[in-house]
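Fold and contact review
So you can see what is in the structure, the chains are spelled out below.
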Amino acid sequence: MHRKIRKLLVVGAHGDDETLGAGGTVARLADEGVVVSLCILTNDDGSRSVSGSGIVNRTAAIELAAKTLGIERVSVHEFGDNRLDTERHLDLNRVVEQEVREFEPDTVFATSMCDLSTDHALVSRAARVAGRPGRGPVKEVRTFEIRSATDVGEASGLPNAFRPNYWQLLDESHLDRKIDALRAYGKELEPWPSPRSERGVRALAEYRGSQVSAGLAEAFEIVRIVH
Ligand SMILES: [Zn+2]
């Protein structure tokens, strides 16, 4: 039986994780009346800043992307980009737990433990802790894939691989909004053949769609559903 999502919390390490990993699905669910909240743990360009001429205000970019996707509530925290491994796990867990307490989501989407990015893996762990069974409102936890983090993790011989077991079908309009939201991040939209190019984002949606004989999809790995 189909489980109806009512309140969705999306947890990412960096502004753009939510868009690259689940932007089309979030757009679709928001259209269907799901209330979506976004929690991003870091708020600077850190080691990814090359020229310093990129995003002036990352929070503004996150808010613009969120608005494009139909996300109603955004919280951006002040941990350092690519430095989450220097934080106490307790502090990361507390931030996500606080989000769960305040927003009371029935569903949590998060980055994958399988990503080469340590930030992504730590955020995934914190989201699992916040959404753990036996307490709180969370009935479903699932992880999303981010090309250049998830697939690079797989290609680098990490012991765990992202194994999708849920495909969310998308319309062209959902993919369009995902790409529009990605544009809010300016320099993240790179030329083909980058996975962060418009064509790269479309190629992944077409690949995941074709796996289930559909036009477009985003793939997820379900951690747990209580129904
Ligand atoms: Zn990221």
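Everything that follows concerns the structure shown earlier in this document.
Residues numbered from 1 in each chain as written. Predicted model: local features only at pLDDT ≥ 70, side-chain atom pairs only at ≥ 80, totals over all residues. Heavy atoms only, no water.

1. Here we look at the nonpolar core
Worth spelling out the cut-off: Each nonpolar core is a collection of buried residues, namely Ala, Val, Leu, Ile, Met, Phe, Trp, Tyr and Cys, held together in the definition by side-chain atoms within 4.5 Å. Relative accessibility decides the category of a residue: with a 1.4 Å probe and only protein chains considered, values under 20% of the type maximum give buried, values over 50% give exposed, and everything between is partly exposed. Each helix is a run of DSSP H or I of at least 4 residues and each strand a run of E of at least 2, with the numbering of both proceeding from the N terminus. We call two residues in contact when some of their heavy atoms are within 4.5 Å.
One finds Leu8, Val10, Val26 and Phe109 to be the most contacted residues of the largest nonpolar core, which totals 34 residues. Elements with a minimum of two residues in this core: β1 (7-12), α1 (17-31), β2 (35-42), α2 (58-69), α6 (172-183) and α7 (198-211). Leaving out residues up to four positions away in the same chain, Leu8 has contacts with Val26, Leu29, Val34, Val35, Val36, Ser37, Phe103, Pro105, Thr107, Val108 and Phe109. Counting residues in hydrophobic clusters, the runner-up holds 21 residues, among them Leu41, Phe79, Val100 and Val108.

2. Quick look at the pattern of salt bridges
The line we're drawing: Every case where a carboxyl oxygen of Asp or Glu lies within 4 Å of a side-chain nitrogen of Lys or Arg is listed as a salt bridge.
A complete count under the given rule lists 18 salt bridges for this structure. In this structure, the salt-bridge partner of Glu102 is Arg73, at a minimum N-O distance of 3.2 Å. Residue Glu102 is located in helix α3 (residues 89-103), and its partner Arg73 is located in strand β3 (residues 73-79); the two are separated by 29 residues in the primary sequence. Between Arg142 and Glu140 there is a salt bridge, and its shortest N-O distance comes to 2.7 Å.

3. As for empty space enclosed by the protein
How we decide: Residues are said to line a cavity or pocket when one of their atoms sits within 4 Å of a point; the points come from a 1 Å grid over protein atoms alone, cavities being sets where a 1.4 Å probe fits but cannot get out and pockets being open sets with protein on both sides within 12 Å along at least five of seven lines. Grid points are joined across faces, edges and corners, and a volume is the space filled by probe spheres set on the points.
One pass over the structure, following the stated rule, counts one cavity of 30 Å³ or more. Estimates place the volume of the largest cavity at around 60 Å³. Here the lining of the largest cavity gets three residues from one element, more than from any other, and that element is α7.

4. Some points on the coordination of the zinc ion
Heads up, the rule is: Distances decide who is a donor: an N, O or S atom must be within 2.8 Å of the metal, or within 3.2 Å for Na, K and Ca. Water is not included, so sites may look incomplete.
Taken together, the protein ligands of the zinc ion are His14 (ND1), Asp17 (OD) and His120 (NE2), with distances of 2.0 to 2.1 Å. We classify His120 as buried; its relative accessible area is 3%.

The values are spatial; any link to function lies outside them.
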